[in-house]
Amino acid sequence: MSDDRYETVWPPPELDFNKPTIARAYDALLGGKDNFAADRALADYACQHIPGLKESAVENRKVLVRGVRFLAGEAGIDQFLDLGSGLPTVQNTHEVAQAVNPDARVVYVDIDPMVLTHGRALLAKNPNTSVFTGDVREPEVILGHPDVTRMIDFDRPAAIMLVGMLHYLSPEVVDPVVAAYREVLAPGSYLFITSLVDTGLPAQQELARITRENLEEGWARTPAEIERQFGDFELVEPGVVYTALWRPDEPVDPDSLTPGEQLGMAGIALKKS
Ligand code: SAM
């Protein structure tokens, strides 16, 4: 962990407890403790308007776990760049990946400085895991960061994760930003995306609007728009589907999804050449 800016100053100057952040509001939705009144107020407000929002956050975490387990296991990936990683919670990427392969390396990146302060404590004794503060919209900065160049060998297969993150990339930046991350990957690598989706249900665009108005960015995309972000990568089965339907541990009836289960979709794709 190379960034020592926050070593001695608490709270870090970037932290404004009166303004909600994405990471802390998401933590509040998940029932975590790393959030403040403003974050809880926003989470409560959004839950009043969006049925099943909490459940959708939980589903997103569950598919993250299943996806990383697939990547570290069946796909044999041992290097992970987790973009927009969020505040540490239960079953973080490195815990899931390293349970399958103890040598798996994970680099976490998030724009919220609180992720760094909390991640540091969690990762202090884990040499194969690192965390730094960065803006995913600046791929050249992220990919050139010393933690990334030290920990991830892009000449070998790796996984880049934009889990619960794509919908914070505006229409102006999403294509070139995601393309830059696809570009750096070697054949045999994977891209893992989950996103707020737009399949025509009013709650989806309503959630995007609430997010944009309170957290600056928030964009619901159609399944085709999400698929486009995989470029010419080959989607692994079952493709881009509602998160609860992406390789569930127990069979799920696609016709009986709850409102919360219809807010997000997930997909993982392989770079073949
Ligand atoms: N990936 C985790 C998961 O799926 O459980 C966390 C998802 S959370 C909904 C989205 C995370 O993306 C937040 O922690 C937020 O701070 C981060 N984020 C949003 N925009 C970002 C950006 N431009 N650069 C880096 N991180 C960003």
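The name recorded for the protein in an unreviewed UniProt entry is SAM-dependent methyltransferase, from Thermobifida alba.

Enquirer: Provide a residue-level description of the overall build of the protein, including the pertinent values.
Expert: In terms of regular secondary structure, the protein is built from 10 helices and eight strands. The C-alpha radius of gyration computed for the protein amounts to 17 Å, which stays within 12% of the reference 19 Å derived for 273 residues, consistent with globular compactness. Along the first, second and third principal axes, the C-alpha set of the protein runs to 45 × 45 × 35 Å. Counting every position in the protein, which comprises 273 residues, the buried fraction comes to 56%. Within the protein, contacts between residues separated by at least 24 positions form 72% of all contacts whose residues are at least 6 apart in sequence. A total accessible area of about 12,000 Å² is found for the protein, and carbon and sulfur atoms account for 53% of it.

Enquirer: So what's going on with the pairing of strand E3 (residues 129-133)? Residues and values would help.
Expert: Of all the five residues making up E3, five are buried; the element is thus mostly covered by neighbouring parts of the structure. In E3, alternate side chains face the same way, and those of Thr129, Val131 and Thr133 on one face and Ser130 and Phe132 on the other are all buried. Alignment of strand E2 (residues 105-110) against E3, held across five bridges, turns out to be parallel. Counted as the bridge partner of valine 106 is threonine 129 from E3. Remark: the E2/helix H5 (residues 113-123)/E3 crossover connection has right-handed handedness.

Enquirer: Talk me through helix H1 (residues 22-29); I want residue IDs and the actual numbers.
Expert: In terms of burial, H1 is a largely internal element, six of the eight residues being buried. Lining the buried residues of H1 we find helix H2 (37-49), helix H3 (53-72), E2 and H5. Directly beyond the C-terminal end of H1, a positive phi value near 80° is found at glycine 31.

Enquirer: Can you explain the pattern of salt bridges? Please cite residues and give values.
Expert: This model, assessed by the stated rule, comprises 13 salt bridges. For arginine 247, the salt bridge goes to glutamate 74, with nearest N and O atoms at 3.4 Å. Here arginine 247, found in the loop between strand E7 (241-242) and strand E8 (264-270), pairs with glutamate 74, found in the loop between H3 and strand E1 (79-83); they are 173 residues apart in sequence, far enough to count as distant. Residue classification places arginine 247 among the partly exposed residues on the basis of a relative accessible area of 28%. Among the charged side chains, a network of salt bridges with common partners joins Asp78, Asp153 and Arg156.

Enquirer: Run through the site of the ligand, naming residues and quoting values.
Expert: Inspection of the region around the ligand gives 20 residues, with Tyr26, Asn60, Arg61, Asp110 and Val163 positioned closest. A distance of 2.7 Å separates an oxygen atom of the ligand from a polar atom in the side chain of tyrosine 26. In the model, a nitrogen atom of the ligand is placed 2.7 Å from a nitrogen or oxygen of the valine 163 main chain. Within the complex, the protein chains bury 97% of what would otherwise be the 600 Å² of accessible surface of the ligand. For the shell around the ligand, the secondary-structure elements that each account for two or more residues are H1 and H3.

Enquirer: Residues and numbers for the pairing of strand E4 (residues 159-162), please.
Expert: Taking every second residue as pointing to the same face, both faces of E4 are buried, with Ala159 and Met161 on one and Ile160 and Leu162 on the other. As paired strands, E1 and E4 are joined by three bridges and run parallel to one another. From the neighbouring strand, leucine 81 faces E4, where its bridge partner is isoleucine 160. The pairing of E4 with strand E5 (residues 190-196) spans four bridges and is classified as parallel. What sits directly across from alanine 159, in E5, is tyrosine 190. With respect to chirality, the unit in which E4 leads through helix H8 (residues 174-184) into the neighbouring parallel E5 is right-handed.

Enquirer: Which residues make up helix H4 (residues 93-100), and what values do they have?
Expert: Inspection of H4 places Thr93, His94, Val96, Ala97 and Gln98 among the buried residues, and these make up the whole buried set. Elements that come into contact with the buried residues of H4 comprise H3, E1, E2, H5, E3 and E4.

Enquirer: An account of the nonpolar core is requested, with residue identities and associated values reported.
Expert: Grouped together as the largest cluster of nonpolar side chains are 71 residues, with contacts concentrated most on Leu71, Phe80, Leu81, Leu83, Phe154 and Tyr190. Counting residues per element, this core draws most heavily on H3, which supplies seven residues. Look past the residues within four positions of tyrosine 190 in its chain and what remains in contact with it is Phe70, Leu71, Ala75, Ile77, Ala158, Ala159, Ile160, Leu185, Val236, Ile268, Ala269 and Leu270.

What counts as what
- Residues numbered from 1 in each chain as written.
- Predicted model: local features only at pLDDT ≥ 70, side-chain atom pairs only at ≥ 80, totals over all residues.
- Heavy atoms only, no water.
- Helix = DSSP H or I, 4+ residues; strand = E, 2+ residues; numbered from the N terminus.
- Rg over C-alpha atoms; globule rule 2.2 N^0.38 Å.
- Buried < 20%, exposed > 50% of the residue type's maximum accessible area, 1.4 Å probe, protein only.
- Contact = heavy atoms within 4.5 Å.
- Areas by Shrake-Rupley, 256 points an atom, 1.4 Å probe, with all protein chains shown as cover.
- Pairing = 2+ DSSP bridges.
- Right-handed = clockwise from strand over helix to strand, strands pointing away.
- Salt bridge = Lys/Arg side-chain N within 4 Å of Asp/Glu carboxyl O.
- Near = heavy atom within 4 Å.
- Polar contact = N/O pair within 3.5 Å; in protein donor to acceptor, adjacent residues only side chain to side chain.
- Core = buried A, V, L, I, M, F, W, Y, C linked by side-chain atoms within 4.5 Å.

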